[in-house]
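Now for the letters of each chain:
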Amino acid sequence: MASDIHFDPFEEDALADPGAAYGALRAACPFHHQPAQAGRPDYYVLSDHAEIKTDILQGNPIWSFRFGNAMKDSISDVGFKTDGDFHAAFRMVVQRGLTPPMVKAWRPKIEAIVDELLDAMLAIPDGQGDFYSLFALPLPARMMCRMLGAPEADYQNYKRWSDTLQFLTFEDPEPGSYEVVLREIYPHFTTLIEQRQALLAAAGVDDPDLSHLGAVLPDDFMSRALVSRVEGRRLTHEEMLNICLAFLTGGQETTTNLIGHLLRRLLEAPERWEQLKADPSLIDNAVEESLRFDPPVLAHFRTSLSETQMHGHDIPERAKLMFSICGANRDPAVFEAPDEFRIDRPLPEARQHLSFGSGVHLCLGAPVARLEARIALERLIERLPNLRLLGLGGRVRTWMYWGHTGLDVAWS
Ligand code: HEM
């Protein structure tokens, strides 16, 4: 460990090219101590792929999720922000609705949204526009409305809430501002819950279970939360809201950026785009390579519940440990030529990325995000085969996320 190595995720270079900055830190110092500076807390950074995956994320009892996964503590010890057996039980509430056949069943809905968005793009007279606002943003946001059970017309609110909450979780410019935004968001979800409670009451169901999904209740994750049990009891209102927040903030911007990065990397080297058109069986490879090369989430944190030792150093209780997803994704022990974007990187290798985390908190929405990206590419190469890149917008403002605000493209 060394604390004299220069690494600052807030600096211009790291913000503009995180792959280079986080990769360089991993190479120089896979376990790094970042002393408190500029109002930011002291923390440790782990970038070694094997160590993150095996020692930290498989349910290590020292390194807790109870205080959230941001640099500073966030609302804690509820829903997903828990550890151990309770977390595993809580996770099952959502996981039961994301089995492979269930995710596969979303395909027609995703295809319909994709086709509608592409129809609108093709109707633009001068054949050019911003791919983010036309496609990469509305697709995940509309799907999120669907999954949570809100009208799709709410998608711009979902996007705005998600951006604001993410920014406040990870930047926290004014303590308390997060709670102010929650006061705007909670009534929306409370209404969704109350609508479902009214449906149950009207049908005379006072002990609902999963069999009521798609029968008495719409089959969405809001209904699922309402009828499910955790450790034998109903979910509290706060726990139901926690599921909504985890979906809202975890599943939109990230998927938008996956789709945006993917198209950017394919179009900035047009031979990649041509290769994919010639061999669409490479779509899954391209999606996984994009996730590896441009992880939408650069890093997350855990908090120590007691004193511990790492790499021979004493780590105090309540220390913050950043696991560098972006650094681990550039680990040459796992990925050949990690700094190269290879559209045909073998799937078993590309899939080793940690972009969805790993272990006990592995992303529950990963199959949905992958399916959206896959269908987007299938349809883009078919319906807009002559796409060209015109320019890249600015960077998203939350430092822990990696993405852009726009991608100008042209088609003919
Ligand atoms: C490309 C898109 C996505 C990326 C890169 C991503 C990334 C991640 C990461 C890194 C974690 C692990 C958090 C940690 O261990 O600290 C996570 C967890 C989670 N994600 Fe995603 N996510 C994506 C899409 C989604 C979607 C679409 C949903 C919802 C449908 C979703 C819901 C969740 C939930 C609920 C968790 C918490 C799991 C738990 O704590 O047990 N994510 N995600």
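All values reported here derive from a predicted model rather than from experimental measurement.

## Details of the site of the ligand
Item 1. Close to the ligand lie 28 residues; His87, Arg91, Arg302, His361 and Cys363 are nearest.
Item 2. Side-chain polar atom of asparagine 69 to an oxygen atom of the ligand: 3.3 Å apart, as the coordinates give it.
Item 3. In the environment of the ligand, an oxygen atom lies 2.7 Å from a nitrogen or oxygen atom belonging to the side chain of arginine 91.
Item 4. Partitioned by chemical class, the residues of the shell around the ligand number 15 nonpolar, eleven polar and two charged.

## A few points about the coordination of the iron atom of the ligand
Item 1. For the iron atom of the ligand, the sole protein-derived donor is Cys363 (SG), lying 2.3 Å away.
Item 2. Its location among the elements puts cysteine 363 in the loop between helix H17 (347-350) and helix H18 (366-383).

## A word on the nonpolar core
Looking at soluble globular proteins, one finds that nonpolar side chains tend to be buried together.
Item 1. Counting residues in hydrophobic clusters, the biggest one holds 90 residues, and the most contacted among them are Phe131, Phe135, Tyr158 and Phe189.
Item 2. Per element, the largest residue contribution to this core is ten residues, and it comes from H18.
Item 3. Formed by 36 residues, the second largest nonpolar core is a distinct cluster that contains Phe7, Leu25, Ile315 and Met400.

## Thoughts on the environment of arginine 272
Item 1. Within the secondary structure, arginine 272 sits in helix H14 (residues 270-278).
Item 2. Residues arginine 272 and proline 18, 254 residues apart in the sequence, show an inter-C-alpha distance of 22 Å.
Item 3. Beyond its immediate sequence surroundings of up to four residues, arginine 272 is in contact with Arg265, Leu266, Phe341 and Ile343.

## Considerations on the environment of leucine 248
Item 1. Residue placement: leucine 248 occurs in helix H12 (residues 237-251).
Item 2. C-alpha of leucine 248 to C-alpha of aspartate 163: the two residues are 85 residues apart in sequence and 9.2 Å apart in space.
Item 3. Those residues in contact with leucine 248, other than ones at most four positions away along the chain, are Met144, Tyr158, Trp161, Ser162, Leu165, Ile185 and Phe189.

## A closer look at the pattern of salt bridges
Item 1. Taken as a whole and assessed by the stated rule, the structure comprises 33 salt bridges.
Item 2. The salt bridge involving arginine 107 is made with glutamate 111; its shortest N-O contact spans 2.7 Å. Taken as a pair, arginine 107 and glutamate 111 lie in helix H6 (residues 107-122) at a separation of four residues, close to a single helical turn.
Item 3. Among the residues examined, arginine 107 registers a relative accessible area of 23% and is labelled partly exposed.

## Remarks on the packing of aromatic side chains
Item 1. For the structure on display, the rule yields 13 aromatic pairs.
Item 2. Measuring from centroid to centroid gives 5.6 Å for tyrosine 43 and phenylalanine 301, while their planes differ by 75 degrees, and the two rings are edge-to-face. Here tyrosine 43 is found in strand S2 (residues 43-46), whereas its partner phenylalanine 301 is found in strand S7 (residues 299-304), with 258 residues between them in sequence. The same class applies to tyrosine 43 as to phenylalanine 301, namely buried.
Item 3. Ring geometry for phenylalanine 293 and phenylalanine 341: centres 5.6 Å apart, planes at 90 degrees, overall edge-to-face.

## Re H6
Item 1. For H6, built from 16 residues, the straight-helix expectation of 22 Å at 1.5 Å per residue is met to within 8% by its first-to-last C-alpha distance of 22 Å.
Item 2. When we look at burial in H6, the residues that qualify are Lys109, Ile110, Glu111, Ile113, Val114, Leu117, Leu118 and Met121.
Item 3. Contact partners of the buried residues in H6: helix H7 (131-136), helix H8 (138-148) and H18.

## Thoughts on the sheet that holds S2
Item 1. Here we have five strands laid out as an open sheet, ordered S1-S2-S10-S7-S3, and mixed in their pairing. Because the sheet does not close on itself, it has two edges, and the strands there are strand S1 (31-34) and strand S3 (63-64).
Item 2. Note that S3 and S7 share two bridges and pair antiparallel. Directly across from tryptophan 63, in S7, lies its bridge partner serine 304.

## Considerations on empty space enclosed by the protein
Empty pockets left among the atoms are what a rolling probe the size of a water molecule brings to light.
Item 1. Applying the stated rule across the entire model yields two cavities of 30 Å³ or more.
Item 2. When its volume is computed, the largest cavity comes out at roughly 40 Å³.
Item 3. Residue lining of the largest cavity: Asp8, Pro9, Phe10, Gln34, Pro35, Gln37, Arg40, Pro41 and Tyr43, and that is the complete set.
Item 4. Among the residues making up the lining of the largest cavity, the classes are represented as five nonpolar, two polar and two charged.
Item 5. In this structure, the second largest cavity encloses a volume near 30 Å³.
Item 6. Every residue lining the second largest cavity is listed: Phe131, Ile259, Leu262, Leu263, Ala373, Ala376, Leu377 and Leu380.
Item 7. At the level of secondary structure, the elements contributing two or more residues to the lining of the second largest cavity comprise helix H13 (253-268) and H18.
Item 8. No other element matches the four residues that H18 contributes to the lining of the second largest cavity.

## Describing the packing of H8 against H12
Item 1. Across the interface, H8 lies against H12 with an axial gap of 10 Å and an inter-helix angle of 165 degrees. Looking at the two axes, H8 sits roughly antiparallel to H12. Remark: the crossing between H8 and H12 carries right-handed chirality. Here H8 contributes Pro140, Met144 and Leu148 to the contact with H12, which in turn contributes Cys244, Phe247, Leu248 and Gly251.
Item 2. Residue composition of the contact of H8 with H12, grouped by class: six nonpolar, one polar and no charged.

Conventions we followed
- Residues numbered from 1 in each chain as written.
- Predicted model: local features only at pLDDT ≥ 70, side-chain atom pairs only at ≥ 80, totals over all residues.
- Heavy atoms only, no water.
- Near = heavy atom within 4 Å.
- Polar contact = N/O pair within 3.5 Å; in protein donor to acceptor, adjacent residues only side chain to side chain.
- Nonpolar A, V, L, I, M, F, W, Y, C, P; charged D, E, K, R; others polar.
- Donors = N, O, S within 2.8 Å, 3.2 Å for Na, K, Ca; no water.
- Helix = DSSP H or I, 4+ residues; strand = E, 2+ residues; numbered from the N terminus.
- Core = buried A, V, L, I, M, F, W, Y, C linked by side-chain atoms within 4.5 Å.
- Buried < 20%, exposed > 50% of the residue type's maximum accessible area, 1.4 Å probe, protein only.
- Contact = heavy atoms within 4.5 Å.
- Salt bridge = Lys/Arg side-chain N within 4 Å of Asp/Glu carboxyl O.
- Phe/Tyr/Trp six-rings, centres within 6.5 Å; stacked < 30°, edge-to-face > 60°.
- Expected span 1.5 Å × (residues − 1).
- Pairing = 2+ DSSP bridges.
- 1 Å grid on protein atoms, 1.4 Å probe; cavity = no way out; pocket = protein on both sides within 12 Å on 5 of 7 lines; lining within 4 Å.
- Points joined across faces, edges and corners; volume = space filled by probe spheres on them.
- Axes fitted to C-alpha atoms, helices over the stretch in contact; angles between N-to-C directions.
- Parallel < 35°, antiparallel > 145°, perpendicular 65-115°, else oblique.
- Left-handed = near helix turned anticlockwise from the far one by under 90°.

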